[in-house]
Amino acid sequence: MRELKFRVWDKDLNKMHVCGENSHDSIGFTCDGSVYYCNLQNGCGSMPDGSGTYDLMQYTGLRDKNGREIYEGDILEYKAIFSDDNERGFVGYNEYAE
């Protein structure tokens, strides 16, 4: 089972931080399984629909070639399968992937 970790992108400060590093972080879950973040210090947060002051990103349980954790929403550069070119893509959840 992978570790459940989250980080948030603060849209106002253009800064990323890992949830739980500060005592004012709060993660909540809705009945339908959506996740949201609330900064208890200023009352701002993210909403399950993606609106709000913060963008919430969940840890995938994977690391890149340099050992850095990969989160949903990250942009990765990788070697294309059928050519020598590099391609870019973003990490997202796929319920049908194995």
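Use the structure listed above.
This report concerns the structure included in the present document. From a predicted model like this one, the values you see are computed outputs, not experimental measurements.

Calculation notes
Residues numbered from 1 in each chain as written. Predicted model: local features only at pLDDT ≥ 70, side-chain atom pairs only at ≥ 80, totals over all residues. Heavy atoms only, no water. Helix = DSSP H or I, 4+ residues; strand = E, 2+ residues; numbered from the N terminus. Buried < 20%, exposed > 50% of the residue type's maximum accessible area, 1.4 Å probe, protein only. Contact = heavy atoms within 4.5 Å. Areas by Shrake-Rupley, 256 points an atom, 1.4 Å probe, with all protein chains shown as cover. Lys, Arg positive; Asp, Glu negative; His and termini not counted. Charge placed at Lys NZ, Arg CZ, Asp CG, Glu CD. Pairing = 2+ DSSP bridges. Core = buried A, V, L, I, M, F, W, Y, C linked by side-chain atoms within 4.5 Å. Phe/Tyr/Trp six-rings, centres within 6.5 Å; stacked < 30°, edge-to-face > 60°. Lys NZ or Arg CZ within 6 Å of the ring centre and 35° of its normal.

Of the regular secondary structure elements, the protein chain holds zero helices and eight strands. Listed by position from the N terminus, the elements making up the protein chain come as β-β-β-β-β-β-β-β. If you line up the protein chain on its principal axes, its C-alpha atoms span 50 × 30 × 25 Å. Looking at the protein chain as a whole, 26% of its 98 residues qualify as buried. Of the contacts made within the protein chain by residues no fewer than 6 positions apart, 28% connect residues no fewer than 24 positions apart. As displayed, the protein chain offers around 7,500 Å² of accessible surface, 50% of which is attributable to carbon and sulfur atoms. The protein chain carries 10 positive and 18 negative side-chain charges, and their two centres are separated by 7 Å.

Note on strand geometry: in a regular strand, side chains alternate between the two faces of the sheet. Across four bridges, strand β1 (residues 6–10) lies against strand β2 (residues 15–18) in antiparallel orientation. Paired with Val8 across the strands is His17, a residue of β2. Between β1 and β2, which pair antiparallel and follow one another directly, the connecting turn spans four residues, one of which, Asn14, has a positive phi of 50 degrees.

Turning our eyes to something else, we now look at the nonpolar core. By size, the foremost hydrophobic cluster in this structure holds six residues: Phe6, Val8, Cys19, Val35, Tyr37 and Tyr54. Counting residues per element, the ones that place at least two in this core are β1 and β4 (35–39). Not counting chain neighbours up to four residues away, the residues in contact with Phe6 comprise Val18, Cys19, Ile27, Phe29, Val35, Leu56, Met57, Gln58 and Tyr71.

The final tally for this structure, using the stated rule, is two aromatic pairs. Taken together, a centroid distance of 5.0 Å and an interplanar angle of 75 degrees make the contact between Tyr37 and Tyr54 edge-to-face. Placement of Tyr37 in strand β4 and of Tyr54 in strand β5 (residues 54–63) is noted, with a sequence separation of 17 residues between them. Ring centres of Tyr59 and Tyr71 lie 5.4 Å apart, and the angle between their planes is 45 degrees; this geometry places the pair in the tilted category. Within this pair, whereas Tyr59 is found in strand β5, its partner Tyr71 is found in strand β6 (residues 69–71), the two being separated by 12 residues in sequence. Exposure remark for Tyr59: the relative accessible area of 6% places this residue in the buried category. A relative accessible area of 2% means that Tyr71 is categorised as buried. Here Lys5 stacks its cationic end above the ring of Tyr59, 5.5 Å away from the centre of that ring.

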